[in-house]
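What follows is the residue order along each chain.
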Amino acid sequence: MSIKERKTAEGVKGFALCFILLYMAFSRVFLGGHLGYQMLFALMGYETFRRYIREKTYPGPFLVEKVRAYWPELFAMVAVVTAIYALFFYADMPLVRGQALWSLLFANNIFQSIAGHPLSIEQPSPFGHLWFVSLLMQCYLIFTLAIAGKKTRQKIISVAFFGGVISLISALMMGIFGGLDLAEARIFYSPESRLFSFFILFPAVLYELMGKGRGKVANRDMAMLGIMIVFVILLLFMAEAGPAYFGGLFLTSLLLSFFNLFLFRDGNAFESVFQFPLFTFIGERAYSFYLYSMPTFFFTKALAERLQLAGGLWIPLAFVLLLIVAQGSYYVFQVKGLSNKWVYAMLATLFGGLMIMTYAAQGPEVMKREAPTKSVVKTVKPKEDEREQKKASLTERFEPSNELAAAIEQVNAQKPYYKLTNEDLGKLQNQKGLLLGDGSAQSAREAYLRLMPNLQVIGSENLNPSWYVRRIKEYTDDGPIILQIGNDGALTFDAVDEIVKTAEGRPLFLFNVVADPSYEDKNNDILQRVADKYANVALIDWYK
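Predicted, not measured: the structure shown is a model, and the values here were computed from it. All residue numbers refer to position in the chain's written sequence, counted from 1. Local features in this predicted model are restricted to residues whose pLDDT is 70 or higher, and side-chain atom pairs enter the listing and the counts only when it is 80 or higher, whereas totals over whole chains, interfaces and linings include all residues. Excluded from the side-chain calculations are hydrogens and water; all other atoms, namely the structure's heavy atoms, are used.

### A few points about the packing of helix H6 (residues 131-146) against helix H15 (residues 286-307)
Alright, step 1. Where H6 contacts H15, the two axes come as close as 10 Å, and the packing angle between them is 135 degrees. Comparing the axis directions of H6 and H15 gives the class oblique. Of H15, the residues touching H6 (which contributes Trp131, Phe132 and Val133) are Tyr287, Tyr290 and Leu291.
Alright, step 2. For the contact of H6 with H15, the class distribution of residues is six nonpolar, no polar and no charged. Where helices are involved, their axes are fitted lines through C-alpha atoms of the stretch in contact, as for all axes, and angles between N-to-C directions lie from 0 to 180°. Counting from the N terminus, the helices are the DSSP runs of H or I reaching at least four residues and the strands are the DSSP runs of E reaching at least two. The labels follow the angle: roughly parallel below 35 degrees, roughly antiparallel above 145, roughly perpendicular from 65 to 115, and oblique for the rest. Working rule for contacts: check all heavy atoms of both residues, and any pair within 4.5 Å makes them a contact. Residue polarity follows a fixed list, in which Ala, Val, Leu, Ile, Met, Phe, Trp, Tyr, Cys and Pro are nonpolar, Asp, Glu, Lys and Arg are charged, and the others, Gly among them, are polar.

### Observations concerning the sheet that holds strand E5 (residues 537-540)
Alright, step 1. Each pair of strands is called paired provided DSSP finds at least two bridges between the two strands. On the basis of which strands lie adjacent, the open sheet formed by five strands has the order E2-E1-E3-E4-E5 and parallel pairing. Taken across any chain shown, the strands that pair with only one partner, and hence form the sheet edges, are strand E2 (455-459) and E5. Going from strand to strand, the sheet's axes swing by 20 degrees on average, the running direction of each strand aside.
Alright, step 2. As defined by bridge partners, strand E1 (residues 433-437) adjoins strand E3 (residues 481-484) across four bridges and the pair is classed as parallel. Each bridged residue has a counterpart across the sheet, and for Leu434 the counterpart in E3 is Ile481.
Alright, step 3. Packing of helix H24 (residues 465-474) onto the sheet brings it into contact with E1, E2 and E3, and relative to E1 it is tilted by some 175 degrees.

### Here we look at helix H1 (residues 3-25)
Alright, step 1. To estimate the expected span of a helix, subtract one from its residue number and multiply by 1.5 Å. Between its terminal C-alpha atoms H1 stretches 33 Å, which fits the 33 Å expected from 23 residues at 1.5 Å a residue.
Alright, step 2. Counting buried residues in H1 gives 18 out of 23 residues, a clear majority hidden from the surface. Partly exposed describes any residue whose relative accessible area lies between the buried limit of under 20% and the exposed limit of over 50%, with all areas from a 1.4 Å probe on protein chains only and scaled to the type maximum.

### Observations regarding the packing of helix H25 (residues 493-501) against helix H26 (residues 520-533)
Alright, step 1. The contact between H25 and H26 brings their axes to 10 Å, and the two run at 40 degrees. With respect to each other, H25 and H26 are oriented oblique. Handedness of the crossing formed by H25 with H26: right-handed. On H26, the residues that touch Phe493, Val496, Asp497 and Val500 of H25 are Ile526, Leu527, Arg529, Val530 and Lys533.
Alright, step 2. Looking at side-chain class alone, the contact of H25 with H26 contains six nonpolar, no polar and three charged residues. For a crossing to be left-handed, the near helix must be turned anticlockwise from the far one by less than a right angle; the clockwise case is right-handed.

### Thoughts on the pattern of salt bridges
Alright, step 1. Here, a salt bridge means any Lys or Arg side-chain nitrogen found within 4 Å of an Asp or Glu carboxyl oxygen. Counted according to the given criterion, the structure contains eight salt bridges.
Alright, step 2. For the salt bridge of Glu474 with Arg471, the shortest nitrogen-to-oxygen distance reads 3.7 Å. In this pair, Glu474 and Arg471 are both assigned in helix H24, three residues apart and thus about one turn of the helix distant.
Alright, step 3. You can call Glu474 buried: its relative accessible area is 18%.

Now the structure itself:
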């Protein structure tokens, strides 16, 4: 590849990576930002097969070259990030240790598929994005196996045919997944669309290098412009459901593949675009930027939550930090080529020690989607209304709706220890508090807020112990803390104990659960033991 072509290729990497980073930071704005992966896989596949045709390429040395190019920097990043994660979120190590280990074997995507992990941007993990590196190396492995043997004209044609067959199978798989509308958590790590992007150009590259298919420059430029327009449209308006999502993936993969094919022909108008200094700068450091992208976003966001930074102020801070870290890693590993065995030995000792500790002392945890919480909008009432309210008694001020009154009457009919009155409901209207919980708390959010408008209710299907600890530390009001946990999965005594200790003597309420029989009794036993251990903790028993 000439210097000019290499510079253009770096620009394409930088261009694609820009949208991937924007997708990580603003996933609800750049809905199709992950399509940058399609462009990267298409570029890697094009470069790989064209190099095989033009140069002497031997299977073993080719694969070793790729491993030596990717693994050292990957290993350093995984070891350092694991150590930082253990320092601040040790209780959650079971969520990320598998991803860390399998990443070093270039099998992160396989592990996440087996474990059923959600989209990488919706995980409480700094390693979710490493599925890309693993899948890329798997593509190189498949290519290495395909080119085994003596290179002849017939062999080149066979490899091109092999790439076409894999692309066809990938397209069929995408159609099956899309038609069945399977869960996106599994689809995201499935290799169908990425394999399609990597191998689809093999037959086209062969056709081009045989001197065929060279249309007029003007026609090529118009085609490339059209592809870019479609790419931008899908970038902002990518469908997120079933068949439409996979249709967009298939269309984008096909178009971007041929865009790369056209780009490296002489005389096209897009070379200057991709040789823009920003794109080439990021492209040269693309691997370093990508490796540290999600860890930087993850830790910066966690720091912002602890410091209570307003809104999205953490995002520009994360980009600045990413620039510094990526540049440092690029300089150490790709410019200087770190080869000090003692450094690798210390990193291996650190990483190995942490893995031994977490597997020996901590049980497994299931990773689920970390859904964003909805903000509560409060209305400001005129001061005149507030003064009028203060004049009224609690009973006069609060009149429950027919629905609420019927619900309270139904509860009281079950002869609880204490029967609720209108005056009690009136007091609850002014009661402040913090309720943290799992999916059950989230589903009951509206019911809680009808009774207690000043209650902060935060629930989701996946909230980890460290998340509860941070929220409790951030809570400064005088109201009680309520934990509604144990409905969505098995608890551990140590995790609940750690959360409760954070309350530091403030009133705290637990609910026992009615849940899956496989862990219901165990969870209730843990909640009862924790309640018995602390004087400030009371257990609300649904069975009484």
